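Each chain is listed here by its residues.
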Amino acid sequence: MTDKAEFGSYGVWRPAARLDGAFAQGVEQLGYGTLWVGGSPAQDLVIVEELLDATTSIIVATGIVNIWQADAESVARAFHRIEDAHPGRLVLGIGSGHREATPHREKPLAALNAYLDVLDAEGVRPDQRVLAALGDRTLALAAERTLGAHPYLTVPAHTAHAREVLGDALLAPEMKVALADSAETARATARAYLERYFRLSNYVDALKRFGARDEDFADGGSDELIDAVAANPDPGAAAAALRTHLGAGADHVALQPLGDDPLGSLERLAPALGLEPLRH
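Note that the structure is predicted; figures quoted are calculated from it, not measured.

1. Some words on the overall build of the protein
Here comes step 1: On a plain count of helices and strands, the protein comes out with 11 helices and 11 strands.
Here comes step 2: Over its C-alpha trace the protein gives a radius of gyration of 18 Å, about what one expects of a compact globule, namely 19 Å for 280 residues.
Here comes step 3: Summarising its shape, the C-alpha atoms of the protein cover approximately 50 × 45 × 30 Å along the three principal directions.
Here comes step 4: Counting the 280 residues in the protein, one finds 56% classified as buried.
Here comes step 5: Once local pairs closer than 6 in sequence are excluded, the contacts in the protein between residues at least 24 apart make up 72%.
Here comes step 6: Entry remark: accessible area of the protein is about 11,500 Å², with carbon and sulfur atoms responsible for 49%.
Here comes step 7: In the protein, 25 positive and 40 negative side-chain charges are present, and the distance between their average locations comes to 3 Å.

As structure tokens, this is what we get:
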């Protein structure tokens, strides 16, 4: 990986536990440029290898490897093993997670710098890695020492601000998508999924910094907040919402399909995003 344009305008974010080769093949066939492996994949990156083995051209990026759970030297060895087999198709996303989930999480910026030092020493180049980043200091670190930033659960106002901090570095925010027969049903799906995230201070603080109010987090989230972070309810409206991040300065949007038929949602959405199916 050397060029942020290789990500494509749209990719797909999915927890590692819900990914397999068949899903990756479906995403690639629909024309999405990158598959993001979420949920803190294990340091051996075996799931990443499985996804790359099953596909031919899609970029696979980790979104993200948790630095408190995965040893940097082991991750670097896994990276090189996979990079040797699939050159240029793996991007290593790393991040420091959440203090609620990691009691020993202290001085995360210093810890990220130290982790990147190990990756440097082990030959994982800056253009082969990205950082999960919400705050300005982490965004600046992403621009200085990696290909760029992968913010999760943000709004277009954050994207516009992040672009100013990052300069020309990659900016690849995540946005959820909930397709349904009505806005009410789509919002209910999004609220059920977002409940745990609205208990994590880093996301809540970032959303408040860019316009959310305390009352927006009551009762599972106001309609305004849910619509800002989860594009819905039909493909046209969802595509327009996703494009707001590109208009705000994103290079790429990693969309996370919610609901019982994620691949079906991606298929319905692809034409509205202007994606063309992969042809052999």
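2. Focus on the packing of helix H3 (residues 72–85) against helix H4 (residues 108–121)
Here comes step 1: At a closest axis distance of 9 Å, the pairing of H3 and H4 adopts a crossing angle of 45°. What the angle tells us is that H3 and H4 run oblique. The handedness of the crossing between H3 and H4 comes out as right-handed. Along its contact with H3, which presents Ala72, Glu73, Val75 and Ala76, the element H4 presents Tyr115, Val118 and Leu119.

3. Side note on the nonpolar core
Here comes step 1: Counting residues in hydrophobic clusters, the biggest one holds 61 residues, and the most contacted among them are Tyr32, Ile94 and Leu242.
Here comes step 2: Looking at this core element by element, the count peaks at 6 residues for H3.
Here comes step 3: Setting aside residues up to four positions removed in sequence, Leu242 forms contacts with Tyr10, Met175, Val177, Ala231, Val253, Leu255, Leu269 and Leu273.
Here comes step 4: Ranked by size, the runner-up nonpolar core spans 33 residues in total, among them Ala172, Leu194, Ile226 and Leu258.

4. Thoughts on helix H6 (residues 156–166)
Here comes step 1: If you check which residues of H6 are buried, you get His158, Thr159, His161, Ala162, Arg163 and Leu166.
Here comes step 2: Of the surrounding secondary structure, the elements contacted by the buried residues of H6 are helix H5 (136–145), strand E7 (148–149), strand E8 (170–171), helix H8 (201–209) and helix H10 (235–247).
Here comes step 3: Gly167 sits one or two positions beyond H6 and adopts a positive phi of about 65°.

5. Thoughts on the pairing of strand E1 (residues 10–15)
Here comes step 1: E1 sits mainly inside the fold: 6 of its 6 residues count as buried.
Here comes step 2: The alternating pattern of E1 places Tyr10, Val12 and Arg14 and Gly11, Trp13 and Pro15 on opposite faces, both of which are buried.
Here comes step 3: In this structure, E1 lies alongside strand E11 (residues 253–257), joined through 3 bridges in parallel fashion. Paired with Val12 across the strands is Leu255, a residue of E11.
Here comes step 4: When E1 meets strand E2 (residues 34–38), the two strands line up parallel, connected through 5 bridges. Across the sheet, the residue bridging to Trp13 is Trp36, located in E2.
Here comes step 5: Between E1 and its parallel partner E2, the chain crosses via helix H1 (residues 21–30), and the hand of that crossover is right-handed.

6. Let's talk about the pattern of salt bridges
Here comes step 1: Summed over all chains, the structure comprises 16 salt bridges.
Here comes step 2: A salt bridge links Arg145 to Asp120, with the shortest nitrogen-to-oxygen separation between them at 2.7 Å. Of this pair, Arg145 sits in helix H5 while Asp120 sits in helix H4, placing them 25 residues apart in sequence.
Here comes step 3: A relative accessible area of 36% means that Asp120 is categorised as partly exposed.
Here comes step 4: Put simply, Asp117, Asp120, Arg129 and Arg145 are held in one network by salt bridges that share partners.

Procedures and definitions
Each residue is numbered by its place in its chain's sequence as written, counting from 1. The predicted origin of the model limits local features to residues at a pLDDT of at least 70 and limits the giving and counting of side-chain atom pairs to 80 or more, whereas totals for whole chains, interfaces and linings rest on all residues. As a rule here, side-chain values come from all non-hydrogen atoms in the structure, and water together with hydrogens is ignored. Secondary structure follows DSSP: runs of H or I at least 4 residues long count as helices, runs of E at least 2 residues long count as strands, and numbering of each begins at the N terminus. This radius of gyration counts C-alpha atoms alone. The globule rule is 2.2 Å times how many residues there are, raised to the power 0.38. Relative accessibility decides the category of a residue: with a 1.4 Å probe and only protein chains considered, values under 20% of the type maximum give buried, values over 50% give exposed, and everything between is partly exposed. By definition in these notes, contact holds between two residues if any of their heavy atoms fall within 4.5 Å. Here the Shrake-Rupley method, with its probe set to 1.4 Å, supplies the accessible areas, and only the displayed protein chains count as covering residues. Charge assignment in this entry is limited to Lys and Arg as positive and Asp and Glu as negative, and neither His nor the chain termini are counted. Taken as the charge centre is NZ of Lys, CZ of Arg, CG of Asp or CD of Glu, depending on the residue. Structural elements are reduced to axes, namely lines fitted to C-alpha atoms, with helices fitted over the stretch in contact, and the angle between N-to-C directions of any two is expressed from 0 to 180 degrees. Small angles under 35 degrees read as roughly parallel and large ones over 145 as roughly antiparallel, with 65 to 115 read as roughly perpendicular and the rest as oblique. What makes a crossing left-handed is the near helix being turned counterclockwise from the far one by less than a right angle; a clockwise turn instead makes it right-handed. Each nonpolar core is a collection of buried residues, namely Ala, Val, Leu, Ile, Met, Phe, Trp, Tyr and Cys, held together in the definition by side-chain atoms within 4.5 Å. By definition, two strands form a pair when at least two bridges between them are found by DSSP. Seen with the strands pointing away from the viewer, any crossover whose path from the first strand over the helix to the second strand runs clockwise is right-handed. What counts as a salt bridge is simple: a side-chain nitrogen of Lys or Arg found within 4 Å of a carboxyl oxygen of Asp or Glu.

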